[in-house]
Amino acid sequence: DHFGDLWMMDDDVIAVKKVYDDFYDLSPEQVTRILQNIYQVACDLDVYLFGITKNPRPVQFVAHRPILLSGCISGGCYGLRKSPNLYYSKTLTVMEDYWISLLNAYLNRMALIDTRFAFIQKDTFRNKGGLAEFRNQGVEERDYHEMKRLFGDSIELKRDRESSKAKTRYSRTAHIKI
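Residues numbered from 1 in each chain as written. Predicted model: local features only at pLDDT ≥ 70, side-chain atom pairs only at ≥ 80, totals over all residues. Heavy atoms only, no water.

Asker: Sorry if this is basic, but what is going on with the pairing of strand β6 (residues 112–121) here?
Answerer: Within a regular strand, side chains alternate between the sheet's two faces. For β6, the buried fraction is high: eight of the ten residues fall into the buried class. The pairing of strand β2 (residues 13–18) with β6 spans five bridges and is antiparallel. Paired with A15 across the strands is I120, a residue of β6. Relative to β6, strand β3 (residues 49–53) is paired through four bridges, and the arrangement is parallel. Its bridge partner lying in β6, G51 is registered against I113. By the bridge criterion, two bridges tie strand β4 (residues 67–68) to β6 in an arrangement that is antiparallel. For L68, the partnering residue across the bridge sits in β6 and is I113. (Buried < 20%, exposed > 50% of the residue type's maximum accessible area, 1.4 Å probe, protein only. Helix = DSSP H or I, 4+ residues; strand = E, 2+ residues; numbered from the N terminus. Pairing = 2+ DSSP bridges.)

Asker: What exactly am I supposed to notice about a nonpolar patch on the surface here?
Answerer: Together, V41, L45, I67 and L69 line one region of the surface with nonpolar side chains, adding up to about 300 Å² of accessible area. Here L45 is to be found in helix α1 (residues 28–45). Judged by its relative accessible area of 39%, L45 is partly exposed. (Patch = residues over 30% accessible without salt bridge, like charges linked within 9 Å, V, L, I, M, F, W, Y side chains within 5 Å. Areas by Shrake-Rupley, 256 points an atom, 1.4 Å probe, with all protein chains shown as cover. Salt bridge = Lys/Arg side-chain N within 4 Å of Asp/Glu carboxyl O.)

Asker: How do you make sense of the nonpolar core when you look at a structure like this?
Answerer: Within soluble globular proteins, side chains that are nonpolar generally end up buried alongside one another. Ranked by size, the top nonpolar core spans 26 residues in total, and within it L49, W99, I100, L102, M147 and I155 carry the most contacts. Ignoring sequence-local partners within four residues, the contact set of I155 consists of M95, Y98, L102, Y144, M147, K148, R172, T173 and A174. Counting 15 residues, the second largest nonpolar core, distinct from the first, contains V13, V31, I34 and V47. (Core = buried A, V, L, I, M, F, W, Y, C linked by side-chain atoms within 4.5 Å. Contact = heavy atoms within 4.5 Å.)

Right under this line is the structure:
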């Protein structure tokens, strides 16, 4: 309510890349233009939560589904349009992206995720600043159980897969079933 419409990008984002063709870093001007275009599409569709993917792997890009209209948006780079119903939980410390994605899915049933572009973060769990001073196993565990209480089977512990590994014991994944 305080800020209105906005884009947020973590300070450990070191690049935004074009995933679908010639995997290269985009210039700040290109990134600004892309993010403004995504915001405009979100306005046109009356979508309140929007962003780009955190998956930089071109081999996992699905050319027939470059734009998703549901899913969990990673907190590294996303936008919000002003909404009287979307807010951040005061009881959570480290899962604000999961909270806002699941709350948005429950209330609005639609998000906009442009998978053609990915943000790249550097050493998220080893950096100083941001949530680093608050992020620890105890906080991760507490927030996971609170999210599980609130959203049930939509949140679960992440399992190691060939394409991605859980970074911590309480790494999680969200399943938005719309």
